[in-house]
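# Survey of secondary and tertiary structure
Single-letter residue listing:
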Amino acid sequence: MSSSTRSLVHGNEFKARARRTQGWGILLLAAAGLLWIWFAVLLVTPYEQSGGGSPCPALLTSEYVHHDDCVEERDWPGLVALLGGSLPFAVVGAALYTSGSAAHRTADYLAEVTRLDSAGA
């Protein structure tokens, strides 16, 4: 196997790993996005008290002029925990996608430099 063939095979394997890393990053970012959407839905949709109580307005559209029972029913710490739980997915997903993109671009650059060096020789 010649040197250029080995470097081509290695470059293709490197690009495949970079694409897999990007894919994992996109998957984790999508999971974070779904958690953000769920959080937003919980903020903007009206809800009812458990046990068939009176309806409560959406948290985002109300100014807390509703009953104290409604305030207690929609759990703010739970909503904040949902939002906080999405942060690891977003941070790790962004890091994986960025590193995969950088690796892919580096592989393309090195392949082009190698091609230009071999054409000039």
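Since the structure is predicted, the reported quantities are computational estimates derived from the model, not experimental observations. (Residues numbered from 1 in each chain as written. Predicted model: local features only at pLDDT ≥ 70, side-chain atom pairs only at ≥ 80, totals over all residues. Heavy atoms only, no water.)

Now for the overall build of the protein. Across its full length, the protein carries three helices and two strands. The buried share of the protein, reckoned over its 121 residues, is 23%. Residue pairs in contact within the protein that sit at least 24 positions apart in sequence constitute 65% of those at least 6 positions apart. For the protein, the accessible area works out to roughly 8,300 Å², and carbon and sulfur atoms hold 67% of it. (Helix = DSSP H or I, 4+ residues; strand = E, 2+ residues; numbered from the N terminus. Buried < 20%, exposed > 50% of the residue type's maximum accessible area, 1.4 Å probe, protein only. Contact = heavy atoms within 4.5 Å. Areas by Shrake-Rupley, 256 points an atom, 1.4 Å probe, with all protein chains shown as cover.)

Counting nine residues, the largest nonpolar core is built from Leu35, Phe39, Leu43, Tyr47, Cys56, Leu59, Cys70, Leu79 and Leu82. Breaking this core down by element, the ones donating at least two residues are helix H1 (3–44) and helix H3 (76–120). (Core = buried A, V, L, I, M, F, W, Y, C linked by side-chain atoms within 4.5 Å.)

Turning our eyes to something else, we now look at the side chain of Lys15. Along the chain, Lys15 turns up in helix H1. Dropping the residues within four chain positions of it, Lys15 is found in contact with His104, Ala107 and Asp108.

We now examine the pattern of salt bridges. Two side chains bearing opposite charge may form a pair once their charged atoms approach each other closely. Applying the stated rule across the entire model yields two salt bridges. The residue Asp108 makes a salt bridge to Lys15 at a minimum N-O spacing of 2.7 Å. On the criterion of sequence distance, the pair formed by Asp108 in helix H3 and Lys15 in helix H1 is long-range, its members being 93 residues apart. The class of Asp108 is partly exposed, set by a relative accessible area of 33%. Arg115 is the salt-bridge partner of Glu112, the closest N and O atoms lying 2.5 Å from each other. Taken together, the positions of Glu112 and Arg115, both in helix H3 and three residues apart, correspond to about one turn of that helix. With a relative accessible area of 45%, Arg115 lands in the partly exposed category. (Salt bridge = Lys/Arg side-chain N within 4 Å of Asp/Glu carboxyl O.)

On to H3. A turn of α-helix holds 3.6 residues, and therefore any two residues three or four places apart point the same way. The terminal C-alpha atoms of H3 lie 66 Å apart, and with 45 residues this matches the ideal 66 Å at 1.5 Å per residue to within 8%. Along H3, the residues classified as buried are Leu79, Leu82, Ser86, Ala90, Gly93, Gly100, Ser101, Ala103 and Ala107. (Expected span 1.5 Å × (residues − 1).)

For the rest of this paragraph, the subject is a nonpolar patch on the surface. Taken together, Ile26, Leu29 and Tyr97 make up a surface patch of nonpolar side chains, about 250 Å² in accessible area. Locating Leu29 in the fold gives a position in helix H1. (Patch = residues over 30% accessible without salt bridge, like charges linked within 9 Å, V, L, I, M, F, W, Y side chains within 5 Å.)

Here we come to the environment of Ser50. For Ser50, the location among the structural elements is in the loop between strand E1 (47–48) and strand E2 (55–56). For Ser50, a relative accessible area of 55% puts it in the exposed group. As a C-alpha pair, Ser50 and Cys70 span 20 residues in sequence and 9.8 Å in three-dimensional space.

What follows is about the environment of Leu79. Structurally, the position occupied by Leu79 is in helix H3. The exposure class assigned to Leu79 is buried, which follows from its relative accessible area of 3%.

So, on to the side chain of Ser101. Within the secondary structure, Ser101 is located in helix H3. The exposure class assigned to Ser101 is buried, which follows from its relative accessible area of 17%. There is a polar contact of 2.7 Å between the side chain of Ser101 and the side chain of Gln22. (Polar contact = N/O pair within 3.5 Å; in protein donor to acceptor, adjacent residues only side chain to side chain.)

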